[in-house]
Amino acid sequence: MNKFNYKNGNLFCENVPVKDIAGSVGTPFYLYSYYTLLNHYRAFEGVFSGIPHITCYAYKANSNLSLCRILAGDGCGADAVSWGEIRRALEAGVPPGKIVFNGNGKTENELENAVRAGILMFIVDSEPELKLLDRVSRRLNRKARVALRINPAINPKTHKHLATGLKESKFGFAFNRALAGYKLAASLKNIEVKGMHMHIGSQILEIAPFVSALKKLISLIPSLKKSGINIEYIDVGGGIGITYQDETPPTFKEYADAITPLLKKAGCRVIFEPGRVIAGNAGILVTGVTHVKSTVGKRFVVVDAGMGDLIRPSFYDAYHEIKPVNGSSNSKRIKVDVVGPVCESGDYFARSRMIAGVKEGDLLAVFSAGAYGFAMSSNYNFRPRAAEVLVKGSNFYIIRKREVYRDLGRNEVVPGILT
Ligand code: LLP
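Residues numbered from 1 in each chain as written. Predicted model: local features only at pLDDT ≥ 70, side-chain atom pairs only at ≥ 80, totals over all residues. Heavy atoms only, no water.

Novice: Even after reading the chapter, I still don't get the domain arrangement of the protein chain, so can you show me in this structure?
Specialist: The extent of an interface is frequently quoted as the accessible surface area lost upon association of the parts. Here the domain parsing of the protein chain yields domain 1 (4-32 + 280-408) and domain 2 (34-277). Of note, the centres of domain 1 and domain 2, computed from C-alpha atoms alone, are 32 Å apart. If you look at the interface, domain 1 gives 24 residues, while domain 2 gives 21 residues. A combined buried area of about 2100 Å² lies between domain 1 and domain 2, and 56% of that area is made up of carbon and sulfur atoms. The largest share of the area that domain 1 buries against domain 2 comes from Tyr 316, Tyr 319 and Tyr 372, three residues that together contribute 27% of it. Taken together, the connections running from domain 1 to domain 2 amount to 0 salt bridges. Summed over the shared surface of domain 1 and domain 2, the result is 11 residue pairs in polar contact (both at pLDDT 80 or more). Residue assignment for the side of domain 1 that touches domain 2 shows that the elements contributing at least two residues are helix H12 (312-316), strand S20 (387-392) and strand S21 (395-400). Per-element accounting of the side of domain 1 that touches domain 2 gives the leading share, 4 residues, to S20. (Domains from an automatic or database assignment. Contact = heavy atoms within 4.5 Å. Buried area = accessible area lost by both parts, 1.4 Å probe. Salt bridge = Lys/Arg side-chain N within 4 Å of Asp/Glu carboxyl O. Polar contact = N/O pair within 3.5 Å; in protein donor to acceptor, adjacent residues only side chain to side chain. Helix = DSSP H or I, 4+ residues; strand = E, 2+ residues; numbered from the N terminus.)

Novice: What's the story with the packing of helix H8 (residues 208-218) against helix H10 (residues 252-266) in this structure? I'm lost.
Specialist: Two quantities define a packed helix pair, namely the angle between the helix axes and the distance between the axes. Relative orientation of the contacting elements H8 and H10 amounts to 5°, with a least axis distance of 10 Å. The angle between the axes of H8 and H10 places the two elements in the roughly parallel class. Between H8, through Phe 210, Val 211, Leu 214, Lys 215 and Ile 218, and H10, the contact on the second element is made entirely by Tyr 255, Ala 258, Ile 259, Leu 262, Leu 263 and Ala 266. (Axes fitted to C-alpha atoms, helices over the stretch in contact; angles between N-to-C directions. Parallel < 35°, antiparallel > 145°, perpendicular 65-115°, else oblique.)

Novice: For this particular structure, what's the right way to read the pattern of salt bridges?
Specialist: For side chains bearing opposite charge, pairing can occur when the charged atoms are close. A full pass over the atoms with the stated rule returns 19 salt bridges. For Glu 206, the salt bridge goes to Lys 157, with nearest N and O atoms at 3.3 Å. Taken together, the positions of Glu 206 in the loop between strand S11 (191-197) and H8 and Lys 157 in the loop between strand S9 (144-151) and strand S10 (173-174) put the pair 49 residues apart, joining distant regions of the chain. On the basis of relative accessible area, Glu 206 is assigned to the partly exposed category, the value being 35%. Residue Glu 192 is joined to Lys 194 by a salt bridge in which the shortest nitrogen-to-oxygen separation is 3.8 Å. By sharing partners, the salt bridges in this structure join Glu 108, Glu 112, Arg 116 and Arg 139 into a single network. (Buried < 20%, exposed > 50% of the residue type's maximum accessible area, 1.4 Å probe, protein only.)

Novice: What am I meant to see in the packing of aromatic side chains here?
Specialist: Aromatic ring pairs are described here by two measures, namely the spacing of the ring centres and the angle between the planes. Taken as a whole, this structure holds 14 aromatic pairs when the rule is applied. Through successive ring pairs, a cluster of aromatic residues spans Phe 44, Phe 48, Phe 210, Phe 252, Tyr 255 and Phe 272. Across from the ring centre of Phe 101, 5.5 Å away, lies the NZ or CZ of Lys 106, which sits over that ring. (Phe/Tyr/Trp six-rings, centres within 6.5 Å; stacked < 30°, edge-to-face > 60°. Lys NZ or Arg CZ within 6 Å of the ring centre and 35° of its normal.)

Novice: Mind showing me how you'd approach the environment of Asn 395 here?
Specialist: Structurally, Asn 395 can be placed in strand S21. Residue class for Asn 395 comes out partly exposed when judged on its relative accessible area of 42%. Separated by 379 residues in sequence, Asn 395 and Val 16 have C-alpha atoms that sit 6.9 Å apart. Apart from residues lying up to four places away in sequence, Asn 395 is in contact with Val 16 and Leu 390.

Novice: Explain the side chain of Arg 276 to me, please; I cannot follow it from the model alone.
Specialist: Structurally, Arg 276 can be placed in helix H11 (residues 276-279). Although Arg 276 lies buried, it forms no salt bridge, and the closest oppositely charged side chain, Glu 247, sits 8.7 Å away as judged by the N-O distance. In this structure the side chain of Arg 276 is engaged in a polar contact, spanning 2.6 Å, whose partner is the side chain of Tyr 244. Every residue in contact with Arg 276, bar those within four places of it in the chain, is listed here: Ala 61, Leu 162, Ser 202, Gln 203, Ile 240, Ile 242, Tyr 244, Asn 281, Arg 312, Ala 371 and Tyr 372. (Lys, Arg positive; Asp, Glu negative; His and termini not counted.)

Here it is in structure tokens:
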């Protein structure tokens, strides 16, 4: 499924040598494989063909227009968390009926735009949001379809920043207030209750937390029925982990086998919001080695990408596999820190990592960078953001140009007093 492979010691993306792309585009750049992305989506779809569902790819993982087009063109919907992401989905060709709107801080303006766009559902995070959405829909003379995000208070056993369904998390309705939330929703004239939603976290490596959370959600259905509230959709969110190093996340089939019987019994349509499992291993970050330097007892490989390009190691202490793009993988491994050029000690990609001998001018591939890579990038240190490149078969395409100095200052305004 994964189409980043070594042939005679040279890294290829599908049929294209990565070094050829680097020669043409320069470094650093993100590189995506068309077929890896598509295959991930199709494999996910495949295991759920037996139940009525919509897969809404989480745009936050990577919202590059070309990648979104690949998925939308194959029938994939969108999980958006801002009006910008909804626009992006529409632009990519996702029909409004396949878009859900998540997030805990939707503004009046965003709600209004989304109501006008006629999206499938608002995943409502709180009572104040419900009331605001009702007011907005009334003004527009519409009814907004909603699912309430329920916080099942389940520990997904992932990095603390990636858990979203703990009792103390900021997201959703507390489990014991869900019923009251639904009653409020049902009482609002311009709200139509459609479903329930959960998303317990990200990079989850075990199935049990998904099952426990889903069971908790489903347990609410009978009491809702008694109050005349019907649940048509269950949105189970995203969160399945991927292999960065040696993790063994559940396979799609194992995930499906565990939750499909529960979903079938509940008799609802299902929405999935996978992000990382679709885009994560469909992309790498290619960076050039600027310097190799030694300090007392340490050796540093300084590369031309930094925390502004891929913040996951700095932010979550996340592991990303790093390998030379060419040749030297058989050469002796030495212990190094791979660091970027940003003026922060936290600007690193790997610490005390055994890597095949690298020298100035070499290219390195940082793997599993397709999700939450470019999407979280910044211009810190006044650095232009990287280019993005797509390979399909034997061809490659620049799908986002490298930023230039002009782009960085585009929105700055110098007041007259300073000219
Ligand atoms: N649905 C909701 C409501 C979400 O908040 C998220 C991710 C997803 C779906 C997709 O989750 P996934 O399938 O990708 O795990 N920046 C972090 C990840 C943050 C995830 C936020 N929410 C990282 O780099 O690991």
